[in-house]
Amino acid sequence: MDLASCGSSRRARVDTSGARLAFSVVAAALTLTTAQGAASAASFVGLGLLDGLSAYPSDISDDGSAVVGNTSIFPTRAFRWTAADGLVELDALAGPGQSVVANAVSADGSRIVGGRDGRGWVWDGDAGSSAALGPLGFSSADGISPDGATIVGQLSTSLTFEAYRSSAATGTQLLGVFDPSWPISRAFDASAGGAVVVGTVDRRQGVTSAFVWTEATGMTVLPDLPGGGIASAAWAVSSDGSTVVGWSRSSLGLEPVLWDSSGAIVGLGSIPGVAPTGGAFGVSADGSVIVGVAGSTATAAGPHAFVWDRQRGMRTVESVLTSAGIDLEGWKLTSARAISADGLSIAGAGINPSGQAEAWLAVIPEPSSGAMVAAGVLALACRRQHRSRNEKGPG
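Residues numbered from 1 in each chain as written. Predicted model: local features only at pLDDT ≥ 70, side-chain atom pairs only at ≥ 80, totals over all residues. Heavy atoms only, no water.

A.B. asks: Just checking my understanding: could you explain the packing of aromatic side chains for this structure?
C.D. replies: Working definition: an aromatic ring pair is given by the centre-to-centre distance plus the angle between the planes. Applying the stated rule across the entire model yields four aromatic pairs. Pairing Phe44 with Trp360 gives two aromatic rings, centres 5.9 Å apart and planes at 35°, and the pair type is tilted. Here Trp360 lies in strand β28 (residues 357–363) and Phe44 lies in strand β1 (residues 43–46), a separation of 316 residues in the sequence. No difference in accessibility class separates Phe44 from Trp360, as the two residues are buried. Where Trp235 meets Phe281, the ring centres are 6.2 Å apart and the plane angle is 40°; that geometry is what we call tilted. (Phe/Tyr/Trp six-rings, centres within 6.5 Å; stacked < 30°, edge-to-face > 60°. Helix = DSSP H or I, 4+ residues; strand = E, 2+ residues; numbered from the N terminus. Buried < 20%, exposed > 50% of the residue type's maximum accessible area, 1.4 Å probe, protein only.)

A.B. asks: What exactly am I supposed to notice about the side chain of Thr82 here?
C.D. replies: If you trace the backbone, Thr82 turns up in strand β4 (residues 78–82). Taking relative accessible area as the criterion, Thr82 reaches 12% and is therefore assigned buried. Separated by 3.1 Å, the side chain of Thr82 and the backbone nitrogen of Asp85 make a polar contact. Excluding residues within four positions of it along the chain, Thr82 makes contact with Ser65 and Ala66. (Polar contact = N/O pair within 3.5 Å; in protein donor to acceptor, adjacent residues only side chain to side chain. Contact = heavy atoms within 4.5 Å.)

A.B. asks: Even after reading the chapter, I still don't get the sheet that holds strand β25 (residues 313–316), so can you show me in this structure?
C.D. replies: Sheet strands pair by backbone hydrogen bonding; their relative direction is either parallel or antiparallel. Taken in spatial order, the four strands of this open sheet run β22-β23-β24-β25, and their pairing is antiparallel. Only two strands of the sheet have a single partner each, and these edge strands are β22 (278–283) and β25. Strand-to-strand twist across the sheet, computed as the mean angle between neighbouring axes with direction ignored, equals 30°. Looking at chain direction, β22 and strand β23 (residues 289–294) are connected through five bridges and run antiparallel. (Pairing = 2+ DSSP bridges. Axes fitted to C-alpha atoms, helices over the stretch in contact; angles between N-to-C directions.)

A.B. asks: What should I look at first to understand the nonpolar core in this one?
C.D. replies: As a rule of thumb, soluble globular proteins bury nonpolar side chains together. Counting 19 residues, the largest nonpolar core has Phe44, Val317, Leu321, Leu333, Ile346 and Trp360 as its most contacted members. If you list the elements that add at least two residues to this core, you get β23, β24 (304–309), α2 (317–323), β26 (332–339) and β28. Those residues within four positions of Leu333 in sequence are excluded, and the remaining contacts are Phe44, Pro303, His304, Ala305, Val317, Glu318, Leu321, Leu328, Ala349, Gly350 and Trp360. Within the second largest apolar cluster, 13 residues are counted, among which are Val274, Ile290, Ala294 and Trp308. (Core = buried A, V, L, I, M, F, W, Y, C linked by side-chain atoms within 4.5 Å.)

A.B. asks: Help me understand the pairing of strand β12 (residues 161–167), please; the structure alone is not making it clear to me.
C.D. replies: The two faces of the sheet receive side chains in turn, since in a regular strand these alternate between them. Most of β12 is tucked away, with six of its seven residues classed as buried. The pairing of strand β11 (residues 151–156) with β12 spans six bridges and is classified as antiparallel. Across the sheet, Leu155 pairs through a bridge with Glu162, a residue of β12. Hairpin geometry of β11 and β12 is characterised by an intervening segment of four residues between the two adjacent antiparallel strands. Judged from the four bridges that link them, β12 and strand β13 (residues 171–174) form a sheet pairing that is antiparallel. In the strand pairing of β13, Ser166 is matched with Thr172. Between β12 and β13, which pair antiparallel in sequence order, lie three residues.

Below, the structure is given as structure tokens:
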């Protein structure tokens, strides 16, 4: 919008003091916008390969400074990435044929949980030391609360494979199963303080549902999208516990969804020209921004890394970055796996310009307040100019 376009093009003698004031304020607002843009500019970086092997991210620290993940070829190898150190392997001295995985990282990036040779594992002190998590029965450590105090995953016993929550304060708690005759559940993430835990629970063989667990309610199976029967999974929960994300089957296939604080399910929609299938894997601290995968490898249009919010719906990360002036130089961004607490830093995987799968980190700036101030002042100036015309009449 500009003042020249406001109202009729017919010339009028008007008081221009309001316009001059508006332009002064707009100039200040645009200066603020420029400063904010410089402070929160969009960016994109490939995280590199691990000894030539493709690396895939699994989680990101709250401030976006640390990314953890794994290679895809057995035996898998785990890594931690920072801008200062690059891609660093965790437990490089693991035995021959021994798989190591990094599944999640604490808010400050210093504590990592995952697995080593079939046991839950934890790395502490900026990944400088590591140890098995508890007794041999801990078969996985899949998620961690933001403060790093609560670890969740799956505990194997002689009778069950059951989701657990473990911390120094609470000890180890088994979270339950749906059917004692098919006792399988697994936890993948926990909110602040470990208060809310999410994951999957088997309803029967081959049929899983998303669940949410709290101390007060125990395990609650979450609803599915209509038309698809019973099939869902919960992969992440916001730090405040208000929003759970994952996928659910509808008549169209597996779709990315959220469950709100009331337990209601909401489909996240789709991207024009992309199959309405996929899953949501990461959510910001307040639940307002969600990332995941849209489309599938079975369609020419997919898969795509996506970012979603209520105001703008689902968008590809590629389109957001290119609109912000980032030249991706031949990258294809196929999945977004995790997001920082503020919803601005996204870790994902894609195909690099050499045709190899590689992890990446993108920063998407939030809309600047300066731009919104400028738009508001221009609108106010337009209204003032219209009022002046009405009061003075045509010249």
